[in-house]
Amino acid sequence: MVVTQENVAVNGSSRFTPRDIADALRERIRAGELRAGDRLPTQAELADEFGVERGAVRQALRALQDDGLLTNVSKGSPPRIAEPPAPDRGEPQPTMVGLAPRLTAAFAAPHVRIDAACLTAESLIPALGEPLRLIHGGQLKPARIDVRILLPSRDISLAFPVPVEARGADDEDPVHQRWLAMRNAQGQVLSYNLRALRSHGVDVDITFRALPFTPPVKLYLLNGQEALMAYYMVTRREEATDNGTLDMYDVLGTESLLFSFDKAAGQRDAAFVEESQKWFDALWETITTDLTLS
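Predicted, not measured: the structure shown is a model, and the values here were computed from it.

The rules behind the values
- Residues numbered from 1 in each chain as written.
- Predicted model: local features only at pLDDT ≥ 70, side-chain atom pairs only at ≥ 80, totals over all residues.
- Heavy atoms only, no water.
- 1 Å grid on protein atoms, 1.4 Å probe; cavity = no way out; pocket = protein on both sides within 12 Å on 5 of 7 lines; lining within 4 Å.
- Points joined across faces, edges and corners; volume = space filled by probe spheres on them.
- Helix = DSSP H or I, 4+ residues; strand = E, 2+ residues; numbered from the N terminus.
- Nonpolar A, V, L, I, M, F, W, Y, C, P; charged D, E, K, R; others polar.
- Axes fitted to C-alpha atoms, helices over the stretch in contact; angles between N-to-C directions.
- Parallel < 35°, antiparallel > 145°, perpendicular 65-115°, else oblique.
- Left-handed = near helix turned anticlockwise from the far one by under 90°.
- Contact = heavy atoms within 4.5 Å.
- Pairing = 2+ DSSP bridges.
- pLDDT = per-residue confidence, 0-100.
- Patch = residues over 30% accessible without salt bridge, like charges linked within 9 Å, V, L, I, M, F, W, Y side chains within 5 Å.
- Areas by Shrake-Rupley, 256 points an atom, 1.4 Å probe, with all protein chains shown as cover.
- Salt bridge = Lys/Arg side-chain N within 4 Å of Asp/Glu carboxyl O.
- Buried < 20%, exposed > 50% of the residue type's maximum accessible area, 1.4 Å probe, protein only.
- Expected span 1.5 Å × (residues − 1).

Peer 1: Quick question: what am I supposed to make of the layout of surface pockets here?
Peer 2: Where empty space is left becomes clear once a probe the size of a water molecule has been rolled over the atoms. Here the second largest pocket is characterised by a volume of approximately 220 Å³. Around the second largest pocket, the lining comprises 19 residues; the ones closest to its centre are Thr-120, Glu-122, Met-182, Val-251 and Gly-253. For the lining of the second largest pocket, the secondary structure elements donating two or more residues are helix 7 (174-195), strand 8 (217-222) and strand 11 (244-251). In terms of residue count, helix 7 provides more of the lining of the second largest pocket than any other element does, three residues in total. Residues belonging to the lining of the second largest pocket are distributed by class as follows: nine nonpolar, four polar and six charged.

Peer 1: Mind showing me how you'd approach the packing of helix 1 (residues 18-31) against helix 3 (residues 54-66) here?
Peer 2: Relative placement of two packed helices is described by the angle separating their axes and the distance separating the axes. Close contact between helix 1 and helix 3 brings their axes to 8 Å; oriented N to C, the two are set at 50°. In terms of their interaxial angle, helix 1 and helix 3 are classed as oblique. The way helix 1 lies across helix 3 gives a crossing that is right-handed. Judged by residue contacts, Pro-18, Ile-21, Ala-22, Leu-25 and Arg-26 of helix 1 engage Ala-56, Gln-59, Ala-60, Leu-61, Ala-63 and Leu-64 from helix 3. Of the residues assigned to the contact of helix 1 with helix 3, the class counts are nine nonpolar, one polar and one charged.

Peer 1: Would you explain empty space enclosed by the protein in this entry?
Peer 2: One pass over the full model with this rule turns up one cavity of 30 Å³ or more. Volume-wise, the largest cavity comes out at about 40 Å³. As for the largest cavity, its lining consists of Leu-103, Phe-107, Ile-114, Leu-124, Leu-128, Val-147 and Leu-194.

Peer 1: Whenever I open this one, the pairing of strand 12 (residues 257-262) confuses me. Can you help?
Peer 2: Two faces make up the sheet, and in a regular strand the side chains alternate between them. In terms of strand pairing, strand 3 (residues 93-94) meets strand 12 through two bridges, oriented antiparallel. Counted as the bridge partner of Gln-93 is Leu-258 from strand 12.

Peer 1: How should the confidence of the model for the chain be read in this particular structure?
Peer 2: Low-confidence regions, as indicated by low pLDDT, have predicted coordinates that should not be scrutinised in detail. Here the chain averages 88 in pLDDT, while 90% of its residues score no lower than 70. Note that pLDDT drops below 50 for residues 1-14; the model gives that stretch 17 contacts with residues more than four away or on any other chain.

Peer 1: What is the right way to look at the pairing of strand 11 in this model?
Peer 2: In this sheet, strand 11 lies alongside strand 6 (residues 162-163) in antiparallel orientation, the contact comprising two bridges. Among the inter-strand pairings, Pro-163 is bridged to a residue of strand 11, identified as Met-248. Across eight bridges, strand 10 (residues 234-241) lies against strand 11 in antiparallel orientation. Note on strand 11: the bridge partner recorded for Arg-237 is Met-248. The hairpin formed by strand 10 and strand 11 contains two residues between the paired strands.

Peer 1: I'm lost on the sheet that holds strand 11 in this one. Help?
Peer 2: In a beta sheet, neighbouring strands are held together by backbone hydrogen bonds and run either parallel or antiparallel to one another. Spatial strand order, 6-11-10: three strands in an open sheet with antiparallel pairing. Edge positions in the sheet fall to strand 6 and strand 10, since each has one partner strand and no second. Where helix 7 meets the sheet, its contacts fall on strand 6, strand 10 and strand 11, and the angle it forms with strand 11 comes to roughly 65°.

Peer 1: Can you walk me through a nonpolar patch on the surface in this structure?
Peer 2: A cluster of nonpolar side chains, Tyr-231, Met-233, Leu-257 and Phe-259, forms an exposed patch at the surface whose accessible area comes to about 410 Å². Considering the arrangement of structural elements, one finds Met-233 in the loop between strand 9 (226-231) and strand 10. A relative accessible area of 58% places Met-233 in the exposed class.

Peer 1: Any chance you could explain the sheet that holds strand 12 here in plain terms?
Peer 2: Read across the sheet, eight strands follow the order 3-12-9-8-4-5-7-13 without closing on themselves; strand pairing throughout is mixed. Two strands bound the open sheet, and with one partner strand each, they are strand 3 and strand 13 (289-290). Pairing of strand 8 with strand 9, which is carried by six bridges, proceeds in the antiparallel orientation. From the neighbouring strand, Val-217 faces strand 9, where its bridge partner is Tyr-231. Running at roughly 165° to strand 7 (residues 203-211), helix 7 makes contact with strand 5 (144-152) and strand 7 of the sheet.

Peer 1: It is not clear to me how helix 4 (residues 95-106) should be interpreted in this structure. Could you clarify?
Peer 2: For an α-helix, the turn length of 3.6 residues means that residues three or four places apart are oriented alike. Its twelve residues give helix 4 an end-to-end C-alpha distance of 16 Å, which sits within 8% of 16 Å, the value for a rise of 1.5 Å per residue. Burial in helix 4 covers these residues: Thr-95, Gly-98, Leu-99, Ala-100, Arg-102, Leu-103, Thr-104 and Ala-106.

Here you go:
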């Protein structure tokens, strides 16, 4: 909301209510004009800006404090913009729900480092939508993004997805060919979306390597500080295709529950993050091979 002369009544009294003032300040916080830790102007300065009595300003500030947006409202000095609340990691959520906010938080770092081991990039593509939108819109401005992805090799016999009825070679198996097409297409989309950030001056590097086995879990490592893990739950399902119905044992990765481990949460979580990073690095540097998505 912009303060203009039109907002002031003829008798000199303001038309701004405490709610109007709170909404205007809330919009400045949302837009990034006021950031966590910043001090607000004094009550006198805000009263002058909006043309109101200090009592109206105090009511607006209390409303923002009740919303968790301000701290130190009643301590004499101007209040500060509150730090955003830490995400609740207590209850695991489906990967499609839980991954996006964690990636958005990770992309607030100047140097973003994402490592992932998974069956395909099915969950990563939609989860990256919000941080990519914020970068394109100028709200997030990382200087560098490094992404490393481990995906199963096309040359192995997967543990899943597999046809219920055993088949011959993988190159004759429509279930394997379906997975391979998904792996390649999703990896290419992910790579394109990230590299498009170079137009905003972001230094982006994304690399894929091939695993010689089917990962039983999906693992995401964010900036070396957080590990997110979900089990692949195998189920039997059918899928209609142009060439008939595929009866297969498959996983629904976006619905698997995602468990979060944060280094800052304590010794147990810190050990899990560190060991997960060591596990990923060891695979990356030893038994995996170069992967071309084609």
